Amino acid sequence: MKRPSWPSWIPVDPFIAALLATVGLAALLPARGAAADVASGASTTAVALLFFLYGARLSTREALDGLRHWRLHLTVLLCTFALFPLLGLAARGLVPYVLTPALYSGFLFLTLVPSTIQSSIAFTSLARGNVPAAICAGSFSSLAGVVVTPLLVAWLLSDKGGGFSADALVKIVLQLLVPFLAGQLLRRWIGGFVSRHKKVLSLVDRGSILLVVYTAFSQGMVRGIWSQVTPARLAALLGVEAVLLALMLTVTWYGAKRLGFGRADRVAIQFAGSKKSLAAGLPMASVLFGAEASLAVLPLMLFHQMQLMVGAVIARRRSRDPEAREPGEDGGRGPGGDVRAARSGAATRSGAGTAPRSG
């Protein structure tokens with residue numbers, strides 16, 4: 001029986017349609033009370049399962065290869081904690097004509113939080129990039145952000161205060177690192193099964209993103225942060241964030257090319273270096289901003305949804321890139337080029353080189 005496909009006459013990517021539907025669901029039926037706890041737990045479980053499956057699929061050699069790719073990780077860290085904050089500081093000139101002081105504080109805060117992990121990996125995988133490096137780069141960014149983000153907030157937003165809890169570090173380790181290591185340890189027994197069922201990874205990728213989107217928007221609706229800004233200010237904020245995202249996507253893609261990175265690494269750098277983590281930013285904001293956290297995270301919430309939708313389109317286009325199907329696409333440059341080339345060739349011979357569907 002032929003599997004039903006997304007109608008070609010509908011000019012919207014099915015994954016973006018799913019994102020919009022999730023946002024609409026959160027607006028109409030936000031999770032409250034016990035339901036919010038269930039949604040949050042489901043999101044946490046989905047992310048942990050995602051890392052477990054990636055750990056089971058990736059060979060230890062591939063994981064170590066990604067870990068040794070220090071130039072890529074340094075590039076992502078500089079984009080996340082240096083270039084982003086510089087652009088945030090430059091936006092101060094927009095106060096009070098475009099952004100209110102409160103919205104600017106939230107905008108600057110979004111430039112200080114670490115990179116997201118699950119969506120960066122999902123989009124890197126969809127675009128046929130260097131997934132092991134994306135896993136390590138996103139994890140390094142999140143771990144560094146536990147210390148770096150509060151320090152940057154205390155320095156650049158000193159009137160708001162600063163500080164962080166060691167519980168955040170524990171949560172990152174338990175939710176991301178432990179499942180990944182568990183998958184690595186069990187790979188000998190389940191790795192083949194996971195590799196033969198790539199649809200499972202695809203469903204977890206997209207499902208985890210949708211759960212995070214629903215949980216985040218539900219929290220925003222319950223807190224009533226949408227009623228604290230006028231439509232004109234909200235439109236201005238969206239415009240400023242669209243410019244910020246466009247600049248970061250351009251710099252990470254073409255800047256990585258100038259630095260000599262191959263295509264697979266450039267994909268990882270673009271998705272890991274241009275994103276900001278709502279999952280990490282929300283708990284940090286509650287500690288760093290206290291009662292003002294709801295308005296402080298509004299720019300981050302909007303930016304997060306924007307980067308997911310734009311990222312879905314870019315990843316879909318990258319998956320159709322002819323270079324993505326060619327073995328040795330990195331040209332031997334950068335650590336692990338031969339490993340990725342051999343893996344790409346094996347995937348092509350086995351018929352696994354088809355781009356995953358975003359529906």
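For the structure, see preceding data.
Residues numbered from 1 in each chain as written. Predicted model: local features only at pLDDT ≥ 70, side-chain atom pairs only at ≥ 80, totals over all residues. Heavy atoms only, no water.

Visitor: Help me understand the packing of helix α5 (residues 101-110) against helix α10 (residues 231-258) in this model?
Guide: A pair of packed helices is characterised by two quantities: the angle between their axes and the separation of those axes. In contact at an axis separation of 12 Å, α5 and α10 are set at 25 degrees when each is read in the N-to-C sense. If you check the angle between α5 and α10, you find them roughly parallel. In this structure, α5 meets α10 at a crossing whose hand is right-handed. Residues L103, F107 and L110 of α5 form the contact with α10, whose participating residues are R233, L237, V240, E241 and L244. Its residues placed into classes, the contact of α5 with α10 shows six nonpolar, no polar and two charged. (Axes fitted to C-alpha atoms, helices over the stretch in contact; angles between N-to-C directions. Helix = DSSP H or I, 4+ residues; strand = E, 2+ residues; numbered from the N terminus. Parallel < 35°, antiparallel > 145°, perpendicular 65-115°, else oblique. Left-handed = near helix turned anticlockwise from the far one by under 90°. Contact = heavy atoms within 4.5 Å. Nonpolar A, V, L, I, M, F, W, Y, C, P; charged D, E, K, R; others polar.)

Visitor: Honestly, the nonpolar core in this entry has me stumped. Any pointers?
Guide: A general feature of soluble globular proteins is that nonpolar side chains tend to end up buried together. Within the largest apolar cluster, 52 residues are counted, with the highest numbers of intra-cluster contacts made by F107, F109, L244 and F271. Ranked by the residues each element gives to this core, the list is headed by helix α14 (residues 298-319), at ten residues. Among residues more than four places away in sequence, those in contact with L244 are F84, L87, F107, L110, T111 and F303. L50, I117, I121 and V131 belong to the second-largest nonpolar core, a separate cluster that totals 14 residues. (Core = buried A, V, L, I, M, F, W, Y, C linked by side-chain atoms within 4.5 Å. Buried < 20%, exposed > 50% of the residue type's maximum accessible area, 1.4 Å probe, protein only.)

Visitor: In this structure, what is going on with helix α11 (residues 263-273)? I would like to understand it.
Guide: The buried fraction of α11 amounts to eleven of the eleven residues, a majority that puts the element mostly inside the structure. Every buried residue of α11 is listed here: R263, A264, D265, R266, V267, A268, I269, Q270, F271, A272 and G273.

Visitor: Could you clarify how one ought to interpret the packing of aromatic side chains in this entry?
Guide: Each pair of aromatic rings is reported with the distance of its centres and the angle of its planes. As enumerated under the stated definition, the model contains two aromatic pairs in all. Geometrically, the ring pair formed by F123 and F271 is tilted, given 5.8 Å between the ring centres and 45 degrees between the ring planes. Taken together, the positions of F123 in helix α6 (residues 118-126) and F271 in helix α11 put the pair 148 residues apart, joining distant regions of the chain. Note on accessibility: F123 and F271 belong to one class, buried. The ring of F261 has R71 lying over it, and the distance from NZ or CZ to the ring centre is 4.5 Å. (Phe/Tyr/Trp six-rings, centres within 6.5 Å; stacked < 30°, edge-to-face > 60°. Lys NZ or Arg CZ within 6 Å of the ring centre and 35° of its normal.)

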